[in-house]
Amino acid sequence: MDINIMRSIVTVLSLLAFVGIVFWAWSRHNKDRFDEAAQLPFKEDEPEPPTKGSS
């Protein structure tokens with residue numbers, strides 16, 4: 001097999017992987033999950049309850 005054929009195959013596989021990731025990221029099925037994850041830095045942490053025995 002010629003090296004140029006191997007390069008072509010790798011290029012096509014990389015393009016297909018990229019297109020698959022783009023479709024996955026922009027699918028409506030994942031929108032709610034991604035919106036929730038985008039808000040995580042802005043959520044305030046709940047204070048931890050005091051433990052017994054701490055001074």
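This is a predicted model, so every value here is computed, not measured.

A. How the structure looks around the overall build of the protein chain. Of the regular secondary structure elements, the protein chain holds 2 helices and 0 strands. For a compact globule of 55 residues, the expected C-alpha radius of gyration is about 10 Å, and the protein chain comes in at 23 Å, more than 25% above that figure. Projecting the C-alpha coordinates of the protein chain onto the three principal axes gives extents of approximately 75 × 30 × 15 Å. A buried classification covers 2% of the 55 residues belonging to the protein chain. Summed over all atoms, the accessible surface of the protein chain reaches about 5800 Å², with 64% contributed by carbon and sulfur. Taking the average location of the 6 positive side-chain charges in the protein chain and that of its 8 negative ones, the two points are 6 Å from each other.

B. How the structure looks around a nonpolar patch on the surface. On the surface, Met1, Ile3, Ile5, Met6, Ile9, Val12, Leu13 and Leu16 cluster together into a nonpolar patch covering about 810 Å² of accessible area. Among the secondary structure elements, Leu13 is positioned in helix H1 (residues 3–26).

C. Highlighting the side chain of Asn30. For Asn30, the position within the fold is in the loop between H1 and helix H2 (31–39). A distance of 2.9 Å separates a polar atom in the side chain of Asn30 from the backbone oxygen of Trp24. A distance of 3.2 Å separates polar atoms of two side chains, one belonging to Asn30 and the other to Ser27.

The rules behind the values
- Residues numbered from 1 in each chain as written.
- Predicted model: local features only at pLDDT ≥ 70, side-chain atom pairs only at ≥ 80, totals over all residues.
- Heavy atoms only, no water.
- Helix = DSSP H or I, 4+ residues; strand = E, 2+ residues; numbered from the N terminus.
- Rg over C-alpha atoms; globule rule 2.2 N^0.38 Å.
- Buried < 20%, exposed > 50% of the residue type's maximum accessible area, 1.4 Å probe, protein only.
- Areas by Shrake-Rupley, 256 points an atom, 1.4 Å probe, with all protein chains shown as cover.
- Lys, Arg positive; Asp, Glu negative; His and termini not counted.
- Charge placed at Lys NZ, Arg CZ, Asp CG, Glu CD.
- Patch = residues over 30% accessible without salt bridge, like charges linked within 9 Å, V, L, I, M, F, W, Y side chains within 5 Å.
- Salt bridge = Lys/Arg side-chain N within 4 Å of Asp/Glu carboxyl O.
- Polar contact = N/O pair within 3.5 Å; in protein donor to acceptor, adjacent residues only side chain to side chain.

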